[in-house]
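Single-letter residue listing:
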Amino acid sequence: DLGQIAMSYEDVYVAQVAMGANQTQVVKAFTEAASFSGPSIILAYSTCIAHGIDIGTSMTHQKLLTDSGFWPLYRYDPRVTVEGKHAFHLDSRKPSIPFSEVAASEARFAMLQRSDPEQARRLGALAQADIDERWMLYEQFADLERVIPDEQPDEEPFRPAEPDDDEPAGGQS
């Protein structure tokens, strides 16, 4: 999950967007990213001819992928933690349709269903389990409380005691 990797640096603005799912969220993410003084990453879903869908339905397809939880929309803005707000904001609603319904509309998945239905079912169940687990994780991110330390600490930082010059290395006699 490229977004999670970027968020682990804690000083990167990260958003995951899909124009067909929520245009307002896309504009908000781009505006926030542009105003962020550090690095910003926006992960934007785009359909591809290899997906085997009618490109004329691309925007609707993006909405269905978001509704299934396959492509959840979120924004991570580390600036807001100094105001006591949550850095991670989940912009999607809880998944409302199974991923299998969306996958069935893509030729890349439909081919597997025709050629090996048992394998398609097995992989579909694994994909749904991954989507469900990731959604639960993102809900936890949205509730995560973080405290950013002041740049000027009130106390001296912890420093381990210096070993005595008479004591052998490793603290053993």
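Reference entry: report on the structure contained in this document.

Definitions and cut-offs
- Residues numbered from 1 in each chain as written.
- Predicted model: local features only at pLDDT ≥ 70, side-chain atom pairs only at ≥ 80, totals over all residues.
- Heavy atoms only, no water.
- Buried < 20%, exposed > 50% of the residue type's maximum accessible area, 1.4 Å probe, protein only.
- Helix = DSSP H or I, 4+ residues; strand = E, 2+ residues; numbered from the N terminus.
- Pairing = 2+ DSSP bridges.
- 1 Å grid on protein atoms, 1.4 Å probe; cavity = no way out; pocket = protein on both sides within 12 Å on 5 of 7 lines; lining within 4 Å.
- Points joined across faces, edges and corners; volume = space filled by probe spheres on them.
- Core = buried A, V, L, I, M, F, W, Y, C linked by side-chain atoms within 4.5 Å.
- Contact = heavy atoms within 4.5 Å.
- Phe/Tyr/Trp six-rings, centres within 6.5 Å; stacked < 30°, edge-to-face > 60°.

1. A closer look at the pairing of strand S1 (residues 13-17)
Argument step 1. Buried residues dominate S1, accounting for 5 of its 5 residues.
Argument step 2. Pairing of S1 with strand S2 (residues 40-44) involves 5 bridges; the strand directions are parallel. Residue alanine 15 lies in a different strand from S2, and its bridge partner there is isoleucine 42.

2. A closer look at unusual backbone geometry
Argument step 1. Unusually for a residue other than glycine, glutamate 10 sits at a positive phi of about 65°.
Argument step 2. Within the element layout of this structure, glutamate 10 appears in the loop between helix H1 (2-7) and S1.

3. Things to note about the layout of surface pockets
Argument step 1. Each pocket or cavity is described by its volume, and for the largest pocket that value is around 250 Å³.
Argument step 2. Forming the boundary of the largest pocket are 13 residues, of which Ala103, Phe109, Gln113, Ala120 and Gly124 lie nearest the centre.

4. A word on the nonpolar core
Argument step 1. Residues Val14, Trp71, Tyr74, Phe88 and Leu90 are the most contacted members of the largest nonpolar core, which totals 23 residues.
Argument step 2. Where this core is concerned, the elements lending two or more residues are H1, strand S3 (74-76), strand S4 (88-90), helix H4 (99-103) and helix H6 (117-143).
Argument step 3. Once residues within four sequence positions are removed from consideration, leucine 90 is found in contact with Pro72, Leu73, Tyr74, Trp135, Tyr138, Glu139 and Ala142.

5. Looking at the packing of aromatic side chains
Argument step 1. Tallied over the full model, the rule gives 9 aromatic pairs.
Argument step 2. Considering the side-chain rings of tyrosine 13 and phenylalanine 36, the 6.2 Å spacing of their centres and the 45° angle between planes classify their relative orientation as tilted. You can see tyrosine 13 sitting in strand S1 and its partner phenylalanine 36 sitting in the loop between helix H2 (23-35) and S2, a full 23 residues away along the chain. Side by side, tyrosine 13 and phenylalanine 36 carry an identical accessibility label, which is buried.
Argument step 3. Here phenylalanine 88 and tyrosine 138 contribute two aromatic rings whose centre-to-centre distance is 5.5 Å and whose plane-to-plane angle is 50°, an arrangement assigned as tilted.

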